[in-house]
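# Structural overview for review
What follows is each chain in one-letter form.
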Amino acid sequence: MYGWWGKALLIDLTKSKVKEVSIEPDILHGFIGGRGLAVRLLWDLIPPGVDPLSPYNALIVASGPLSGLPLPSSGKLVVASKSPLTNGYGDGNIGSMASHHLKHSGYDALIITGASKKPVYLYIENGKVDFRSAEDLWGLDTFTTEEKLVREHGRNIGILEIGPAGEHMVRYATVISQKGRSGGRPGMGAVMGSKKLKAIVIKGNMEPPIADKEALRKISEESYKKIQGSDNYDYWIRQGTMSTIQWSHQNSVLPTMNFREGMWELYETISGDLMEKLKIDRRGCPYCNMQCGNVVSDDVGEESELDYENVAMLGSNILLENLKRVAEINKLADKLGVDTISLGNSIGFYMEASERGLVKERVEWGDFKAVREITIDTAYRRGLGAFIAEGVMRMARSIGGEALDFAMHVKGLEVSAYNCHTTPGMALAYGTSSIGAHHKDAWIISYEVRTDRSSYSRDKVERLIFLQNMRGGMFESLTTCRLPWVEVGLDLEYYPRFLSAVTGLKWSLDDISVSANRIYTLIRAFWIREYMGWSSSMDYPPTRWFKHPLTKGPYAGSHLDISKYSEMLKIYYEIRGWDENGVPKKETLIKLGLDFTIPVLEDIVKLR
Ligand code: PTT
Ligand code: SF4
């Protein structure tokens, strides 16, 4: 078989045992890799209803058939597990040398189960696993951890690690790599912490099985050139995702004051244009020729790598009006290993609750000193930080009443940085994303703002499903970065060509779309299994967007219409082949080859 190794390493931390398990070709062809492979493995491996922070949960680290190969922006991998934030399927994508080394280590995935009694890290060289003591690493921030591991093992390795937030099982702790790459928003770092797993060091130098190396070399060379020659290339290299700050403000979608408003008169204090002036370096993921990690010097003179989501959520959303200060909080989040989107949401939610007099301890909008202190305390679950570490959904439930209306999450995952008072398509993208309110599966908002912004049309739902299948299905499973397509317009047709050259099988975009549909539907089945049922109310965006109109700018007075949203959701279900409650129909499961889920689901819900 070409394209995959056909094997995973099953690593049991309780018993310090390792077993090689084979992965059937049908599974690899049907679910591709990365996210698709992860959810397929989780379905079989973890007991239904498992506590995500117990030893019985599994953490999957998966590459895809294109990861870590010499083709554009391929240095990505997926970390996935049952999420301690949402109790459903959770994953994240991370750009790291760990992707290259996993691909060259003889395995498609690591499956990590059990829990160690004492802190450990895994040293994996060409598939041979050593369990090493991490007692001297436990408690260290992610930057220091990585420096120590590099001193111990040299530079030619890939490292994934957690910081104090993961160790203290903050519900939105992430996995960090290379001082500024973060993955696994729904608490993948907390799952590592619950297993007392501080880091994974991986080294591989085996030749991956590629069907037609010469064809791959040619397509790859051509695509790298296309990227470099694109019209948007120079601007992208200068600003990366940071140009979205000015775009979002101009289009009234910039999250401001806990998503109360969509624009902020002080947006220039955190903009991409300002970042360009402060920029001291540029970094990025392996195999990428459009590297977008913009590094600035922060308030205390240390390096911080900025992206749109980080700056919007820790800037306008909490009214912090100084890019160097925002950069300091962002760097702290990376060092502590906590997701910036959920952190900015959780602090913003608390600031609003405090303004409304719903909580005892007062925290003012834009109070930098307080934000700095809360960020550190959250990672260690100290004082107010212990409350904020629980995330928006749990904080809102414990306060109750009106707080539930301004709790900005879907299924427990905090909303990423797009305000949707006036963009129903993006609201539906959040409502139906496979991990909760994340834009990664469908960034329909740019299309929506360019075209018919206020419509709730069928066309928009069709476009959304296409985007979900490409972004959340194809890119997450191949697993490569989607930005060459999204930002500099690399033709999507390159991806089936890469996949055909690597696997020796003939793939079209339509074939990949069928797999994406299968992956989406299996993820939905996973949520139903873990929630012991489903209702369409789970697929609605936060109440604020229906109930609290914008008060500023050209869209003042606007909000979403709930009955029109419900109509869109119905169309969404119909196209996916799910029933009116959002449960996949039996014929859909059979058509997609997901028959194995039927007996499990039939015990829980009535399948139509
Ligand atoms: C991603 C989410 C994003 S999406 C951002 S900024 W973005 C935030 N980044 C964080 C960070 O940084 N530090 C931190 N402590 N928390 C953070 N939380 C937020 O996490 C990232 C890039 C970006 S930058 C984006 S859009 C694209 N995302 C991709 C994706 O999801 N899939 C894919 N196939 N390709 C992608 N390419 C781009 O990658 P999550 P990274 Mg990320 C510092 O992790 O959990 O998926 O959430 O991976 O290597 O850091 O690259 O404006
Ligand atoms: Fe990484 Fe940015 Fe390159 Fe994507 S475009 S691979 S996120 S550096």
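Before any of the text, the structure's been laid out above.
For the structure given in this document, a descriptive report is provided here. Just so it is clear, the structure is predicted and the values come from calculations on it, not from any experiment.

This part is about the overall build of the protein chain. Secondary structure summary: the protein chain contains 26 helices and 17 strands in total. Over its C-alpha atoms the protein chain spans a radius of gyration of 22 Å, differing by no more than 12% from the 25 Å that the globule rule assigns to 608 residues. The principal-axis extent of the C-alpha atoms belonging to the protein chain is close to 60 × 55 × 50 Å. Burial analysis of the protein chain (608 residues in total) assigns 66% to the buried set. Taking as baseline every contact in the protein chain between residues at least 6 positions apart, the subset at least 24 positions apart corresponds to 71%. Accessible surface, the protein chain as shown: approximately 20,600 Å² in total, 49% of it carbon and sulfur.

Around the magnesium atom of ligand 1, the donor atoms from the protein are Asn93 (O) and Ser182 (O), and they sit 2.7 to 2.8 Å away. Here the residue Asn93 occupies a position in strand E5 (residues 89-95), and Ser182 occupies one in strand E11 (residues 181-183), the gap between them amounting to 89 residues. According to the relative accessible area criterion, Asn93 is buried, its value standing at 16%.

Let us now look at the site of ligand 1. With respect to spatial proximity, 31 residues lie near ligand 1, and among them Gly95, Ser182, Asp334, Asp339 and Glu476 are the closest. The contact in question runs from a nitrogen atom of ligand 1 to an N or O atom on the backbone of Thr340, over 3.1 Å. One nitrogen or oxygen atom from the side chain of Glu476 is found 2.6 Å from a nitrogen atom belonging to ligand 1. Contributing elements (two or more residues each) for the shell around ligand 1: E5, E11, helix H11 (308-314), helix H12 (323-336), helix H13 (340-355) and helix H19 (458-478). With four residues, E5 is the largest single contributor of residues to the shell around ligand 1. Residues of the shell around ligand 1, tallied by class, amount to eight nonpolar, 13 polar and 10 charged.

This next bit is on the pairing of strand E8 (residues 128-133). Pairing of strand E7 (residues 120-125) with E8 involves six bridges; the strand directions are antiparallel. Within E8, the residue paired with Tyr121 across the bridge is Arg132. Linking E7 back to E8 in an antiparallel pair, the connection comprises two residues, with Asn126 at a positive phi of about 45°.

On to the pattern of salt bridges, then. Opposite charge on two side chains allows them to pair when their charged atoms are near. Under the criterion given, the structure shown has 46 salt bridges. Put simply, Asp91 and Lys440 hold a salt bridge, and the shortest N to O gap is 4.0 Å. Taken together, the positions of Asp91 in strand E5 and Lys440 in the loop between helix H17 (424-432) and helix H18 (445-450) put the pair 349 residues apart, joining distant regions of the chain. Residue Asp91 is classed as buried on the basis of its relative accessible area, which comes to 0%. Taking the shortest distance from any N to any O, the salt bridge between Arg381 and Glu390 comes out at 2.9 Å. Residue class for Arg381 comes out partly exposed when judged on its relative accessible area of 27%.

About the cut-offs
Residues numbered from 1 in each chain as written. Chains lettered and ligands numbered in written order. Predicted model: local features only at pLDDT ≥ 70, side-chain atom pairs only at ≥ 80, totals over all residues. Heavy atoms only, no water. Helix = DSSP H or I, 4+ residues; strand = E, 2+ residues; numbered from the N terminus. Rg over C-alpha atoms; globule rule 2.2 N^0.38 Å. Buried < 20%, exposed > 50% of the residue type's maximum accessible area, 1.4 Å probe, protein only. Contact = heavy atoms within 4.5 Å. Areas by Shrake-Rupley, 256 points an atom, 1.4 Å probe, with all protein chains shown as cover. Donors = N, O, S within 2.8 Å, 3.2 Å for Na, K, Ca; no water. Near = heavy atom within 4 Å. Polar contact = N/O pair within 3.5 Å; in protein donor to acceptor, adjacent residues only side chain to side chain. Nonpolar A, V, L, I, M, F, W, Y, C, P; charged D, E, K, R; others polar. Pairing = 2+ DSSP bridges. Salt bridge = Lys/Arg side-chain N within 4 Å of Asp/Glu carboxyl O.

Coordinates in, geometry out; function isn't part of it.
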